[in-house]
Amino acid sequence: MTELSPTAGKNSQDIQGDEKLSPRKAPSICSTRYGIAFIVHLCNFITMAQNIIINITMIAMVNSTNHQPSFNDSTEGLPVNSFGDPNNSPKSLPARAPVYDWNPQIQGIIFSAINYGMILTLAPSGYLAGRVGTKRVVGAALLGSSLLVLFTPLAADFGLVFLIATRILQGMSLGLGYGGQFAIWERWSPPHERSQLCGISVSGILLGTCIAILLGGIISQTLGWPFVFYIFGGFGCICFLLWCVLVYDDPVTHPWINITEKEYIISSLAQQVSSTKQPLPIKAMVRSLPIWSMCVCCFSHQWLINIIIIYAPTYISSVFNIDIRNSGFLSALPFIIAWVICLLGSYLADFLLTKNFRLVTVRKIATVLGNLPSSTFLLVLPYAASNYIIAVSLLTLSCGLGMLCQPGVYINALDIAPRHSSFLMGASRAFAQISAVLAPTVSGFLLSQDPEFGWRNVFSLSFVINTLGLIFYLIFGKADVQDWAKERKLTHL
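The structure displayed is predicted, hence computed values, not measured ones. Residue positions are given per chain, counting from 1 as you read along its sequence in written order. Confidence filtering applies because this is a predicted model: local features only for residues at pLDDT of at least 70, side-chain atom pairs given and counted only at 80 or more, and all residues used for totals across whole chains, interfaces and linings. Side-chain metrics rest on all non-hydrogen atoms present in the structure, leaving aside hydrogens and water.

Trainee: Just checking my understanding: could you explain the overall build of the protein for this structure?
Mentor: Across its full length, the protein holds 18 helices and zero strands. A total of 493 residues make up the protein; the buried ones form 58% of that total. Working rule for contacts: check all heavy atoms of both residues, and any pair within 4.5 Å makes them a contact. The contacts of the protein with a sequence gap of at least 6 include a subset with a gap of at least 24, amounting to 87%. Under the scheme used here, helices are H or I runs from DSSP no shorter than 4 residues and strands are E runs no shorter than 2 residues, and both carry numbers assigned from the N terminus. The classification of residues rests on relative accessible area computed with a 1.4 Å probe and restricted to protein chains. Under 20% of the type maximum is buried, over 50% is exposed, and intermediate values are partly exposed.

Trainee: Explain the pattern of salt bridges to me, please; I cannot follow it from the model alone.
Mentor: Note on pairing: side chains with opposite charge can pair once their charged atoms come close. When a carboxyl oxygen of Asp or Glu lies within 4 Å of a side-chain nitrogen of Lys or Arg, that pair is called a salt bridge. Under the counting rule described, the total for this entry stands at four salt bridges. Where Glu-193 meets Arg-33, a salt bridge forms, and the shortest distance between an N and an O atom there is 2.6 Å. Pair noted here: Glu-193 is in the loop between α5 (185–188) and α6 (194–222) and Arg-33 is in helix α1 (residues 32–61), with a separation of 160 residues, a long-range link. Assessed through its relative accessible area of 0%, Glu-193 is described here as buried.

Trainee: Sorry, what's going on with helix α3 (residues 134–158) here?
Mentor: Think of an α-helix as turning once every 3.6 residues; residues three or four places apart then point the same way. A helix is expected to span 1.5 Å for every residue after the first. In this model, α3 (25 residues) spans 34 Å end to end at C-alpha, consistent with the 36 Å of a helix rising 1.5 Å per residue. Along α3, the sharpest change in direction is near 45° and occurs at Thr-152; proline Pro-153 comes one to four residues later. Positive phi shows up at Gly-159, right after α3, with a value of about 140°. Bend, at a single residue, is the angle you get between axes fitted to the 7 residues ending at that residue and the 7 residues starting at it.

Trainee: I keep staring at the packing of α1 against helix α4 (residues 160–180) and nothing clicks. Help me out?
Mentor: Working note: a packed helix pair is described by the angle between its axes plus the distance between those axes. Here the axes come from fitting lines to C-alpha atoms, over the contacting stretch only for helices, and the angles between their N-to-C directions go from 0 to 180 degrees. Look at α1 against α4: their axes get within 11 Å of each other, and the N-to-C directions meet at 155°. One finds that α1 runs roughly antiparallel with respect to α4. α1 and α4 meet at a crossing whose hand is left-handed. Here Asn-44, Thr-47, Met-48, Gln-50, Asn-51 and Ile-54 of α1 lie close against α4, whose contacting residues are Arg-167, Gln-170, Leu-174 and Tyr-178. The class makeup of the residues in the contact of α1 with α4 is four nonpolar, five polar and one charged. Between 65 and 115 degrees an angle is taken as roughly perpendicular, under 35 as roughly parallel, over 145 as roughly antiparallel, and anywhere else as oblique. Crossings are assigned a handedness: left-handed for a near helix turned anticlockwise from the far helix by less than a right angle, right-handed for a clockwise turn. Note on residue classes: Ala, Val, Leu, Ile, Met, Phe, Trp, Tyr, Cys and Pro are nonpolar, Asp, Glu, Lys and Arg are charged, and everything else, Gly too, is polar.

Trainee: What am I meant to see in a nonpolar patch on the surface here?
Mentor: On the surface, a nonpolar cluster with roughly 550 Å² of combined accessible area is contributed by Phe-235, Ile-238, Leu-242, Val-245, Leu-246 and Trp-256. Take Ile-238: it is sitting in helix α7 (residues 225–246). A relative accessible area of 49% places Ile-238 in the partly exposed class. Patch members must show over 30% relative accessible area and no salt bridge, and they are joined within 9 Å when carrying like charges or within 5 Å when they are nonpolar side chains of Val, Leu, Ile, Met, Phe, Trp or Tyr. Values of accessible area rely on a 1.4 Å probe in the Shrake-Rupley scheme; residue burial ignores everything except the protein chains shown.

Trainee: Where do I start with the packing of α1 against α7 in this structure?
Mentor: In the contact formed by α1 and α7, the axes pass within 10 Å of each other and the chain directions differ by 165°. By the angle between their axes, α1 is roughly antiparallel relative to α7. Here α1 runs over α7; the crossing is left-handed. Along the lines of polarity and charge, the residues of the contact of α1 with α7 split into 21 nonpolar, four polar and no charged.

Trainee: I'm lost on the packing of aromatic side chains in this one. Help?
Mentor: A ring pair, where both rings are aromatic, is described by two values, the distance of the centres and the angle of the planes. Here a Phe, Tyr or Trp ring, Trp counted by its six-membered ring, pairs with any other such ring whose centre lies within 6.5 Å, and the pair is stacked when the planes are under 30 degrees apart, edge-to-face when over 60, and tilted otherwise. Going through the model one piece at a time under the given rule, you end up with 15 aromatic pairs. Ring centres 6.3 Å apart and planes at 90° place the aromatic pair Phe-45 and Phe-235 in the edge-to-face group. Of the two residues, Phe-45 sits in helix α1 while Phe-235 sits in helix α7, which places them 190 residues apart along the sequence. Given the relative accessible area of 32%, Phe-235 is considered partly exposed.

Trainee: Looking at this model, I keep getting lost on the environment of Ala-37. Mind explaining?
Mentor: By secondary structure assignment, the location of Ala-37 is in helix α1. Look at Ala-37 and you get buried, because its relative accessible area is 0%. Residues contacting Ala-37, with those up to four places away along its chain left out, are Trp-185, Leu-197, Ile-200 and Ser-201.

Trainee: Please clarify how unusual backbone geometry should be interpreted in this entry.
Mentor: Comment: phi is negative for the bulk of residues other than glycine, and the bulk of peptide bonds are trans. Despite not being glycine, Asn-356 has its phi angle at roughly 70°, a positive value. On the secondary structure map, Asn-356 appears in the loop between α12 (328–354) and α13 (359–380). Judged by its relative accessible area of 40%, Asn-356 is partly exposed.

Trainee: Is there a simple way to explain the nonpolar core in this structure?
Mentor: The tendency in soluble globular proteins is for nonpolar side chains to be buried side by side. Only buried residues count toward a nonpolar core, which is a set of Ala, Val, Leu, Ile, Met, Phe, Trp, Tyr and Cys residues joined through side-chain atoms within 4.5 Å. Judged by nonpolar contacts, the single largest core of 116 residues is most densely connected at Trp-102, Trp-185 and Leu-424. Among the elements that line this core, the one with the most residues is α1, at 17 residues. These domain limits were set by an automatic method or by a database of domain assignments. Taken domain by domain, this core gets at least three of its residues from each of domain 1 (31–63 + 99–269) and domain 2 (281–485).

Trainee: Would you explain the environment of Val-161 in this entry?
Mentor: With respect to the secondary-structure elements, Val-161 resides in helix α4. Of the residues examined, Val-161 reaches a relative accessible area of 65% and is grouped as exposed. Separated by 51 residues in the primary sequence, Val-161 and Ile-110 have C-alpha atoms spaced 9.6 Å apart.

Trainee: Explain helix α17 (residues 435–449) to me, please; I cannot follow it from the model alone.
Mentor: The terminal C-alpha atoms of α17, which comprises 15 residues, lie 21 Å apart, in line with the 21 Å expected from a rise of 1.5 Å per residue. Looking at α17, one finds that the buried residues are Ser-435, Ala-436, Val-437, Ala-439, Pro-440, Ser-443, Gly-444, Leu-446 and Leu-447. Where α17 is buried, its residues touch α2 (104–132), α10 (289–310), α16 (421–433) and α18 (454–476).

Trainee: Looking at this structure, how should I read the state of the cysteines?
Mentor: In a disulfide, the sulfur atoms of two cysteines are covalently bonded to one another. When two cysteine sulfur atoms are found within 2.5 Å, that pair is recorded as a disulfide. Considering all chains together, one arrives at zero disulfides under this definition. Summary of cysteine pairing: Cys-43 is not part of a disulfide, and the nearest cysteine sulfur, belonging to Cys-239, is at 5.8 Å. Free cysteine Cys-210: the closest other cysteine sulfur is in Cys-399, separated by 8.8 Å. A relative accessible area of 3% means that Cys-210 is categorised as buried.

Trainee: Looking at this structure, how should I read the side chain of Asn-466?
Mentor: Considering the arrangement of structural elements, one finds Asn-466 in helix α18. Excluding its chain neighbours within four sequence positions, the residues that come into contact with Asn-466 are Ser-300, His-301, Leu-304, Asn-371, Leu-372 and Ser-375.

Trainee: I keep staring at the side chain of Ser-293 and nothing clicks. Help me out?
Mentor: Along the polypeptide, Ser-293 turns up in helix α10. Ignoring any residue separated from it by four or fewer positions in sequence, one finds Ser-293 in contact with Phe-472, Tyr-473, Phe-476 and Gly-477.

Trainee: How should I be thinking about the environment of Val-380 in this particular structure?
Mentor: Inspection of the secondary structure puts Val-380 in helix α13. A C-alpha to C-alpha distance of 8.7 Å links Val-380 and Arg-456, two positions 76 residues apart in sequence.

Trainee: What's the story with the confidence of the model for the protein in this structure? I'm lost.
Mentor: Detailed conclusions should not be drawn from predicted coordinates in areas where pLDDT is low. Averaged over every residue, the pLDDT of the protein is 81; the share at 70 or more is 82%. The predictor attaches a confidence to each residue, called pLDDT, with possible values from 0 through 100. Taken together, the stretch residues 1–26 has pLDDT below 50 and engages in 65 contacts with residues farther than four places along the chain or on a different chain. Segment residues 64–93 is flagged for pLDDT under 50; beyond a separation of four residues in sequence, or across chains, it makes 92 contacts in the model.

Following this line, the structure appears as structure tokens:
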């Protein structure tokens, strides 16, 4: 991968996290860097849809009258179904759509298998992308995930072991894609535009969730559940071709970029992007409190998000005897709101930087707004048991406002260690992904031990964990480039 020229930023400033950033001309949405962001958005859209479609098709894949996964069995991100109540499953599934005798425990294993694969590859994916290029790593991840999704119906026919192995491999591919994509912003995102570019790209995850929920059940009912995998897998292969043609690792190697835009990006990053590949300062990273604060806050926030996605719909169903999964739109509504808030919050963060707000202030404001209101709404959810509309509104707002963390703690690695941000962003997400395994296990235990106050205990624990992680970040979080992350220069005697 061609490196950015170290002389290109001769007249540029060394932008530090706590320095005031000067106003600049508003970026063009038609610029090449924003085109890259939309392509990454599309890739996140399809990979997230591929991630959750088995949760939607599961009700059509099993033939038991008690096939709804219990709340302690699934650690997957979105245990929803498109038909709602198991007893209301379609009476006549399309011909040649096989069904399987999987009990809730087996379904939970199938759902959770993908998380174990993701944990294995999230951290090394960032480092790998920084070394060989985001184009290769994410491209391979997108193609691998798409092919595995296409193979899923056949794997299910071969047996449970083959299906679980396919899910683990798919998780490894998704981990490569999720963790490796951020390396591209080391060389494409001017400091003033990082929040917007990262926000546009990551918001594809939310849109993919919406579309999968809305279309997965319809496709499963009309064509059969295998076609859900065929359609989303095939679309992923098309996205892979677009990725190979349109995405380049840096502006220098891009053949169609405007020369003015190329010079602007290179000059704005001249003091942040290294002209040579440098080894990872692992010891310094392990001793860095700003990095630990970032990892802990990401973990606590992901705990909150997992509780919202997995347990809040189950709580609404158990309290009001209304399964909100009966309505595809109602199930997708929280993610639609989250998609809009993610985009608006990212724009607002960059706007504040142009108004001379300190970078560390903007990052912490976004993190507070993405953590505290969401966990508070979830905390008061059990006390709104008398009103269904209020409860669903609290759930929707909690999920939506949580995305304000995206222009906050989730891109903080680009500020404190831009030369190693790809590895740090992958590592922090791998650390946070542990919550996808722990949160359902701990919450399921609380619910089984105390049927009367179990829900309050689950939501209260989520609030405590989220608040402690937020406080740790507010105390130790930084936004200036750390000394160990600056380029090392050799001194010739």
